[in-house]
Amino acid sequence: METGRKTGAHPSEHAAGVLEQIALASDCFLLTVAAPNLARAVSPGQFALLGCGTVFDPFLRRPLSIHQVDVERGEVSFLYRAKGAGTQWLSQRRRGDVIPVLGPLGRGFRHSGSGKKGLLVGAGLGAAPLLFLAQELAGRKWSLVILLGGRTKAGILRPDAFERFGTLKTITEDGSTPKKGTIIDLLQEELKKGGWDTIYACGPRAVLKVIQGISCRTGIPAQISVEERMACGLGACLGCVCRSAHSSGYLRVCKEGPVFDAGEVLLDG
Amino acid sequence: METGRKTGAHPSEHAAGVLEQIALASDCFLLTVAAPNLARAVSPGQFALLGCGTVFDPFLRRPLSIHQVDVERGEVSFLYRAKGAGTQWLSQRRRGDVIPVLGPLGRGFRHSGSGKKGLLVGAGLGAAPLLFLAQELAGRKWSLVILLGGRTKAGILRPDAFERFGTLKTITEDGSTPKKGTIIDLLQEELKKGGWDTIYACGPRAVLKVIQGISCRTGIPAQISVEERMACGLGACLGCVCRSAHSSGYLRVCKEGPVFDAGEVLLDG
Amino acid sequence: MVDLTVEVAGIKMQNPVMVASGTFGCGEEYSSLFDVGSLGALVTKGITLKPWQGNKPPRICETPAGLLNAVGLQNPGVDAFVHEILPGMKGYGVPVIANIAGFTKEEFVEIAKRLTGTGVAGLELNISCPNVKAGGMALGTVPELAAEVVEAVVESTSLPVIVKLTPNVTDIVALAQAVTDAGARALSLINTLLGMAIDIKSRRPVLGNVMGGLSGPAIRPVAVRAVWQVSQTVDIPVIGMGGICRGEDALEFILAGATAVAIGSAHFHDPWAAMKIISFLGRYCEENEINDWRELIGAAWKNK
Amino acid sequence: MVDLTVEVAGIKMQNPVMVASGTFGCGEEYSSLFDVGSLGALVTKGITLKPWQGNKPPRICETPAGLLNAVGLQNPGVDAFVHEILPGMKGYGVPVIANIAGFTKEEFVEIAKRLTGTGVAGLELNISCPNVKAGGMALGTVPELAAEVVEAVVESTSLPVIVKLTPNVTDIVALAQAVTDAGARALSLINTLLGMAIDIKSRRPVLGNVMGGLSGPAIRPVAVRAVWQVSQTVDIPVIGMGGICRGEDALEFILAGATAVAIGSAHFHDPWAAMKIISFLGRYCEENEINDWRELIGAAWKNK
Ligand SMILES: Cc1cc2nc3c(=O)[nH]c(=O)nc-3n(C[C@H](O)[C@H](O)[C@H](O)COP(=O)(O)OP(=O)(O)OC[C@H]3O[C@@H](n4cnc5c(N)ncnc54)[C@H](O)[C@@H]3O)c2cc1C
Ligand SMILES: Cc1cc2nc3c(=O)[nH]c(=O)nc-3n(C[C@H](O)[C@H](O)[C@H](O)COP(=O)(O)OP(=O)(O)OC[C@H]3O[C@@H](n4cnc5c(N)ncnc54)[C@H](O)[C@@H]3O)c2cc1C
Ligand SMILES: Cc1cc2nc3c(=O)[nH]c(=O)nc-3n(C[C@H](O)[C@H](O)[C@H](O)COP(=O)(O)O)c2cc1C
Ligand SMILES: Cc1cc2nc3c(=O)[nH]c(=O)nc-3n(C[C@H](O)[C@H](O)[C@H](O)COP(=O)(O)O)c2cc1C
Ligand code: FES
Ligand code: FES
């Protein structure tokens, strides 16, 4: 039996009150909002669209993965980088401010059974959707190895939180962690050990492409969380597509994704 | 000798830190910012352009009259109504936020000599530029009667502050002050007493037009502060014009105004 | 409750608030958010004769107070539309208007024929999509060519024909006049403005298709102008669209001369935009004691 | 210091950042804010043969990420310009380009003649102002008419002639081609988009002139598209403008094919916009180790 999407988890609008905005290193923020209905409805790998700005610029909502959920306290957290105008606006929200949040959206990570062996691969901000997944899989007695990579040590996000759910291994490009190299180096090393049931990955396209290749060659099923520019987030505008590997057409990242089986999509446009 | 504009008071940009934002009744706010250079440079009747919003919507800066100045503390206050998107954004600024303020701009109120008798007429938000003027004239030993009108008592703005500089008389359309009627009723009554040297007025166009008529008929000089939609605020774009009474052309409200002699402009467009 | 009904091209609507083609999917996507059946009418994504893949991504690029899109008519083709999509859309109980796009006159006619008798309430001819290179644009910019297409479609179907015009022309009034004379029963104004954006990092166009269509509040003044100009010239109703986000915006279009409005990009900013606009119009009429809201249509040029 | 010099229509500029006609007064208005002499070039408000009052107010209306203006060529006429305004403008030591607007071909020629030999560095022919009803628009929308005017002006003056085009046309490339063939030395793209707004309180148009020109960031995608299309077609330089507010925007236009840029409405949002853009371009070249910034011109279509 495959799980991962709660039945009847229809998207809706949440006037989410900001509870906490923590500045992590390298322009990254951990934003926690009160959104009890969203907390209850959402599954790992799904995302939400956050309304940013006061009038019509920025105009589009920003898609952010659900990073962490506390159903009992009714809290949802996002882990994000303040990059452009929308996320910068977001990073300036303070306790008490209200953010319009549309969610849950999209198809999250799939997993079945319990007690399996999972490899979670997060490159940079790719860590964002993996914590919620780690929590859920750990709850189902999966044994997890979590690989996080960044350019610098500050780019390894939320290591303490991840360590609660599995074995954390990190690598940095500048060698500010014991291991120096790319996340792919770390992944190759780990794969050699064998015995993996599924790889779950999120990060830049280049990383996801390598993982597609690895999954294909090794036969280890992989799921990847893909990003594309979005307008509606609901599957209505056909704006966020990604080429399908099985047909000549396109798949909607906001509806058929953002989490795809590695073999489902072509990432070259 | 005519005074009223400090020499060399060139406009410049002030990154003005919000000190206080007080909500008065009926959507009106009293905003005080730290802007020592502006405080030093500005004269009554001049205005500033306040940048509102985070990105490009709202796009234009909002013109607001200088309401009050404390040169020693380096503080400037604005009295304004939160109406549309720009002023609403403004009303949400809190202590510590920074607002870009361009000023001083325009030609303020003119006055000469001392110990004269002045009649200040403020309809609604028209009170905004008059407090700074009252302070200055009172400092020159003018004896002032200040007329403030509003729809309701809550619309009579800052009565206590005005009372420090002259005799305050108020009127409301709904009779929530002892006197019921329009500011024009009050003005007519006061004019009967005679002996006025100058009328200074600010308020809706309809009120200013009546005052133009009164000034013309009675021969009492009047100065009116005029509003028009602005873009540059510097006299460069020719966007904010008002028909000249003396030529067939137009005058710029931001440069030749906003304070005009009552006979200088035609207010019918 | 205030009466907001209206008839456009013979299509009766419970209120004048429609959705704009291509922004509302099949309705289903929004049906978990609100009652899609409370809209004035649904308008489909552009339908072509054959299935069409659309353009390569990225297809979306945010711009100041708007967005560029280069979706490019991705759709399953008219037959799949009729069998797989239309039944669901009709289920909401409000008129479904089919937005159709042919690459030639003959294709327009063929699509129109296949939609006749299927239960769609009307056709909206998209002779103006900036994201299709194969002639779509030229068709919509030359009055004579546009009129030819409209005439051919009108002759081939019993359905009312609405024509959607592009603003990317020197003289939209001439175009409007030509297609009206050719038998259009209503006009939709406006489609997107042709635009593009370049990514300064990659130093290449952002959109996979290079150019795209600009929509959203940014273009509202251009759309209001088009509605104002055209509604004073033709005597068929105009459906106004282009950047309508709030009730006030919808009213602006109505005052400019629109008999109905369509909400497009606003859905991306606030998925409830159309619902809020419907409430606004009702409330506005009540508060201003307007008995027949249709008095407001074109009031800005009728009452001087 | 990075070398940002450039030559447009034979006019040497210390950097490619000009101001857009009508938004910068005589320069004097901004001279207390910053050193106007550090701009690439000054461009005047539109100059007519006779003094011109302009349109009745309101002349300005804010729109999402932009504004409508209907100033309508208020200016003291060419003779007063030459005697009263030009001397001050020349004082900043940077080229002064005169934006000129005739209501007929003959007027354009006459204005050009009166400006020849006065020290202006070039003429920018505004054949595209949407706020003038007396023919200005038609001139700028028909390639043959536009070419005729340009040819006549080119013959009557030794000054380099820059032609400013309107985006309110079906085919801006055809227009660009026609005026280039007629002798234009550079093109300015784009003038404002024709738009309007209605005040829902008064139920009347906001602008005294009813319609106006839309400018600001809202129109940037349309302007980038025009520069991209035209710069690939003609072999004279293009001056890009339309919503440029930040260094990144200026760079986007340069990558699209602009040899210089003009800053207009941005001044209303941030009076220091042009200064910040000049610094940005210098810094960008340094950081990216670009020796000759002109390599960036059209890079988005040159390097694929
Ligand atoms: C399903 C999904 C989940 C995501 N989860 C996260 C997350 O948890 N944490 C995080 O930091 N980032 C995440 N992203 C990326 C995030 O959406 C972008 O970084 C963000 O939208 C950029 O907005 P901005 O205002 O900073 O940038 P701007 O440059 O102002 O954005 C301009 C436009 O481009 C879009 N855009 C820019 N970059 C991206 C991108 N990488 N993906 C999609 N749209 C983009 C914006 O949404 C906006 O419409 C996710 C993206 C998707 C599609
Ligand atoms: C010289 C001058 C001094 C002013 N002083 C004050 C003051 O001290 N207190 C105060 O409350 N108001 C004052 N006003 C009016 C104030 O500028 C407007 O109320 C304000 O700009 C409205 O902005 P908004 O964001 O609320 O409205 P929006 O409706 O969002 O404004 C849209 C556009 O219209 C312009 N606009 C709207 N109303 C006016 C108006 N009455 N005058 C000029 N532009 C307008 C805005 O500036 C903006 O560009 C003054 C106006 C001028 C010209
Ligand atoms: C993502 C997207 C897809 C669109 N697809 C179509 C289409 O298929 N057919 C069509 O006629 N118009 C299409 N349009 C244009 C809209 O229907 C509408 O005319 C335009 O967006 C202006 O309205 P707006 O500013 O409210 O979005 C599309 C617009 C967007 C944003
Ligand atoms: C207030 C105002 C006045 C203008 N006057 C003129 C003019 O006299 N002549 C002209 O060719 N363009 C004029 N323009 C157009 C600008 O020069 C420029 O082409 C246009 O505004 C687009 O650039 P922007 O978005 O940076 O403002 C004017 C624009 C504005 C906003
Ligand atoms: S964002 Fe609209 S379909 Fe995905
Ligand atoms: S606002 Fe530009 S001239 Fe007054």
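Treat the numbers as computed from the prediction; the structure is a model and nothing was measured. (Residues numbered from 1 in each chain as written. Chains lettered and ligands numbered in written order. Predicted model: local features only at pLDDT ≥ 70, side-chain atom pairs only at ≥ 80, totals over all residues. Heavy atoms only, no water.)

Peer 1: A description of the overall build of chain C should follow, citing residues and the corresponding values.
Peer 2: Looking only at helices and strands, chain C has 11 helices and 16 strands in total. For 304 residues, the compact-globule formula gives about 19 Å, and the C-alpha radius of gyration of chain C, at 18 Å, lands near that figure. Reported as C-alpha extents along the three principal axes, the dimensions of chain C are approximately 55 × 50 × 40 Å. Sorting the 304 residues of chain C into buried and exposed places 70% on the buried side. Counting every atom, chain C has about 9700 Å² of accessible surface; 50% of that belongs to carbon and sulfur. Across chain C, the mean location of the 23 positive side-chain charges is 8 Å away from that of the 29 negative side-chain charges. (Helix = DSSP H or I, 4+ residues; strand = E, 2+ residues; numbered from the N terminus. Rg over C-alpha atoms; globule rule 2.2 N^0.38 Å. Buried < 20%, exposed > 50% of the residue type's maximum accessible area, 1.4 Å probe, protein only. Areas by Shrake-Rupley, 256 points an atom, 1.4 Å probe, with all protein chains shown as cover. Lys, Arg positive; Asp, Glu negative; His and termini not counted. Charge placed at Lys NZ, Arg CZ, Asp CG, Glu CD.)

Peer 1: Which residues make up the relation of the copies chain B and chain A, and what values go with them?
Peer 2: Rotating chain B by 180° and translating it 0.0 Å along the rotation axis places it on chain A, where the RMSD comes to 0.0 Å. With respect to symmetry, the two chain copies, as superposed, fit the operation of a two-fold axis. By C-alpha distance to the rotation axis, the residue of chain B lying nearest is B:Asp57, at 2.7 Å. Both copies contact each other with a shared surface, as 100% of the interface residues of chain B are interface residues in chain A too. (Least-squares fit on C-alpha atoms with pLDDT ≥ 70 in both. Contact = heavy atoms within 4.5 Å.)

Peer 1: Give me the lowdown on the sheet that holds strand β6 (residues 66–69) of chain C, citing residues and values where you can.
Peer 2: Residue and element names in this part refer to chain C. Read across the open sheet, the 4 strands follow the order β5-β6-β14-β11; overall the sheet is antiparallel. With one partner strand each, in any of the chains shown, β5 (60–63) and β11 (193–196) form the two edges of the open sheet. The mean inter-strand angle of the sheet, taken between neighbouring strand axes irrespective of direction, is 40°. Bridging between β6 and strand β14 (residues 211–215) involves 3 bridges; their strand directions are antiparallel. (Pairing = 2+ DSSP bridges. Axes fitted to C-alpha atoms, helices over the stretch in contact; angles between N-to-C directions.)

Peer 1: Which residues make up the packing of aromatic side chains, and what are the values?
Peer 2: Enumeration according to the criterion identifies 18 aromatic pairs over all chains in this entry. Ring geometry for A:Phe109 and A:Tyr200: centres 5.5 Å apart, planes at 90°, overall edge-to-face. Of this pair, A:Phe109 sits in the loop between β8 (98–105) and β9 (111–112) while A:Tyr200 sits in strand β13 (residues 198–202), and the two are 91 residues apart along the sequence. One exposure class covers both A:Phe109 and A:Tyr200, and it is buried. Arranged with centres 6.2 Å apart and planes meeting at 55°, the rings of A:Trp142 and A:Tyr200 form a pair that is tilted. Note that A:Trp142 is positioned in the loop between α3 (130–139) and β11 (143–150) and A:Tyr200 in strand β13, a separation of 58 residues in sequence. By relative accessible area, which is 6% here, A:Trp142 ends up buried. Judged by relative accessible area, which is 0%, A:Tyr200 ranks as buried. Through a chain of ring-to-ring contacts, three or more aromatic side chains come together here, namely A:Phe109, A:Trp142 and A:Tyr200. Just above the ring of B:Trp89 sits the side chain of B:Arg93; from NZ or CZ to the centre is 3.9 Å. (Phe/Tyr/Trp six-rings, centres within 6.5 Å; stacked < 30°, edge-to-face > 60°. Lys NZ or Arg CZ within 6 Å of the ring centre and 35° of its normal.)

Peer 1: Before we move on, could you go through unusual backbone geometry and cite the residues and values that matter?
Peer 2: Put simply, B:Asp57 and B:Pro58 share a cis peptide bond, and its omega is -5°. Across the junction of B:Gly103 and B:Pro104, the peptide omega takes the value -5°, indicating a cis bond. Inspection of the secondary structure assignment puts B:Pro104 in strand β8 (residues 98–105). Backbone geometry at A:Arg158 places phi at a positive 55°, although glycine is not the residue there. Among the structural elements, A:Arg158 can be located in the loop between β11 and α4 (159–163). Positive phi values are uncommon outside glycine, yet C:Leu73 reaches one of about 65°.

Peer 1: Help me get a handle on the confidence of the model for chain C, residues and values and all.
Peer 2: Do not read the fine detail of predicted coordinates wherever pLDDT is low. Confidence along chain C averages 95 in pLDDT terms, with 97% of residues attaining 70 or more. For this predicted complex, the interface score ipTM comes out at 0.96, while the overall pTM is 0.96. (pLDDT = per-residue confidence, 0-100.)

Peer 1: A description of the interface of chain B and chain A should follow, citing residues and the corresponding values.
Peer 2: Opposite the 7 residues of chain B that make contact, chain A presents 7 residues. When chain B packs against chain A, the two sides together hide about 590 Å² of surface, and 58% of this comes from carbon and sulfur. The three residues of chain B that bury the most area against chain A are B:Thr54, B:Val55 and B:Asp57, which together make up 73% of that side's buried surface. Applying the counting rule to chain B against chain A returns 0 salt bridges. (Buried area = accessible area lost by both parts, 1.4 Å probe. Salt bridge = Lys/Arg side-chain N within 4 Å of Asp/Glu carboxyl O.)

Peer 1: Quick one: what's the story with the site of ligand 3, residue by residue and with numbers?
Peer 2: Residues and elements named next belong to chain C. Taken together, 21 residues lie near ligand 3, and Ser21, Lys164, Gly216, Gly243 and Ser265 sit nearest. Contacts to ligand 3 include Asn126, whose side-chain N or O atom sits 3.2 Å from an oxygen atom. Residue Gly243 places a main-chain N or O atom 2.7 Å away from an oxygen atom belonging to ligand 3. Contact with the protein chains hides 98% of the accessible area of ligand 3, taken as 600 Å² for the molecule alone. Of the residues belonging to the shell around ligand 3, the class tally is 4 nonpolar, 15 polar and 2 charged. (Near = heavy atom within 4 Å. Polar contact = N/O pair within 3.5 Å; in protein donor to acceptor, adjacent residues only side chain to side chain. Nonpolar A, V, L, I, M, F, W, Y, C, P; charged D, E, K, R; others polar.)

Peer 1: So what about the side chain of C:Asn99? Which residues, and what values?
Peer 2: All names here are of chain C. Positionally, Asn99 belongs in strand β7 (residues 96–100). By relative accessible area, Asn99 is classed as buried at 0%. Polar side-chain contacts of Asn99 include one of 3.4 Å to the side chain of Ser21. Engagement of the side chain of Asn99 in a polar contact is seen with the side chain of Glu124, the distance being 2.7 Å. With near-sequence residues (within four places) excluded, Asn99 lies in contact with Ser21, Val43, Thr44, Lys45, Gly46, Ile47, Glu124, Asn126 and Lys164.

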